[in-house]
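# Close look at the chain arrangement
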Amino acid sequence: MSIDTSISLNAEARSERGKNAAGRLRRSGFVPVTVYGGDGEAVAASISKKELGVLVRAHGRHAIFTLNLGTSASPVKISEMQLDPVKGNVIHMDLQRISLTERSEFEVVLKIVGEAEGVKLGGGLLDVPTHSVKVRCLPGDRPDHFDVNVSKLGLGQALRVSDLGLDPEKFQIVTSGETVVCTVVNPRGDAAEAAAPAEPEVIKKGKTDEKK
């Protein structure tokens, strides 16, 4: 995919650190961020919570965008987003500077395509424990998603990351190849096991002769 350099956010450097300073920023409608990587030093900054929300809703959590900080403008990605465990609000972010001509690590969403044979004909259920994978690639090669075709997946079968068939010249897979992406499970369980007869109880013989 091509990089849209028009997607951008403005940031302001912040000198105050600590929990209290971060709390004041959030109450003022800003999110504290740390910008790092590339040829520059790590910088503490803040961005507008409203502008961040507009960007994420329009382009997704994994978008590459230009961060305008002071007199510099750098392409960045969100490497970590910390959420409030109760309210779900963004309380801190790490932004990583990236080079448009060098490989970087990205998280790419997996999109299920088709209906599994084991679901359609075998009455199974499709279980999808993995919704994204991490790869290293050029920013311009990063897709919005990877298609996962499950149409030939039978009852009891599974697809792993190694089965995705990604182009090795473009993508270096970071996620373990043994990671299960999806599997067709039998909701009825193992009928043979349920029908297995129970073993007879063994009764020990006690003493029969007692002195009178």
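Quick note: structure is the one above.
This text gives an overview of the structure that appears in the document. Along each chain, residue indices are assigned from 1 in the same order as the chain's sequence is written. In keeping with the predicted nature of the model, local features appear solely for residues at pLDDT of at least 70, side-chain atom pairs appear and are counted solely at 80 or more, and the whole-chain, interface and lining totals rest on all residues. Water and hydrogen atoms were dropped before computing side-chain values, which therefore reflect all heavy atoms in the structure.

### Regarding the sheet that holds strand 4 (residues 64–69)
Note the following rule: Pairing between strands is defined by DSSP: at least two bridges between them are needed. Here a strand is any run of E in DSSP of at least two residues, a helix any run of H or I of at least four, and the numbering for each starts at the N terminus. Only C-alpha atoms enter the line fits that serve as axes; for helices the fit covers just the stretch in contact. Angles between N-to-C directions range over 0 to 180 degrees. Here, residues are in contact when the closest pair of their heavy atoms is within 4.5 Å.
Reading around the circumference, 1-3-2-6-5-4 is the order of the six strands in this closed barrel, with mixed pairing throughout. Strand-to-strand, the axes of this sheet are offset by a mean angle of 45°, without reference to chain direction. Direction of pairing for strand 4 relative to strand 5 (residues 72–83): antiparallel, over a ladder of six bridges. Residue pairing for strand 5: Ile-64 is matched across the bridge by Lys-77. Lying over the sheet, helix 1 (residues 19–27) contacts strand 2 (30–36), strand 3 (43–48) and strand 6 (90–97), oriented at roughly 120° with respect to strand 2. The strands touched by helix 2 (residues 49–59) within the sheet are strand 1 (8–13), strand 2, strand 3, strand 4 and strand 6, with strand 3 carrying the most contacts at an inclination of about 75°.

### A few points about the sheet that holds strand 7 (residues 104–113)
One open sheet holds the four strands; their spatial order is 10-7-9-12, and the pairing between them is mixed. Where the open sheet ends on each side, the last strands, each with one partner, are strand 10 (145–149) and strand 12 (172–173). Two strands pair when backbone bridges link them, and strand 7 and strand 10 are joined in this way by five bridges, in the parallel orientation. Bridged to Ile-112 within strand 10 is Val-148.

### Some remarks on helix 2
Put simply, the test is: Residue exposure (1.4 Å probe, protein chains only): buried if accessible area is under 20% of the type maximum, exposed if over 50%, otherwise partly exposed. The arc in question is the one traced by the directions running from the helix axis out to the C-beta atoms. The term polar contact refers here to a pair of N or O atoms within 3.5 Å; inside protein, the definition further demands a hydrogen-donor-capable atom paired with an acceptor-capable atom, and it admits residues adjacent in sequence only when both atoms are side-chain atoms.
Where helix 2 is concerned, the buried positions are Leu-52, Gly-53 and Leu-55. In a view along the axis of helix 2, the buried residues occupy a sector of 165°, so they form one face of it. Along helix 2, exposed side chains directed more than 90 degrees from the buried face belong to Lys-50, Arg-57 and Ala-58. Those residues of helix 2 hidden inside the fold are in contact with strand 1, strand 2, strand 3, strand 4 and strand 6. The N-capping residue of helix 2, defined by a side-chain oxygen 3.3 Å from the backbone nitrogen of Lys-50, is Ser-48.

### A closer look at the pairing of strand 13 (residues 180–185)
In terms of strand pairing, strand 8 (residues 125–127) meets strand 13 through three bridges, oriented antiparallel. Among the inter-strand pairings, Leu-126 is bridged to a residue of strand 13, identified as Val-184. Across three bridges, the pairing between strand 11 (residues 158–160) and strand 13 is antiparallel. By the bridge assignment for strand 13, Leu-159 is matched with Cys-182.

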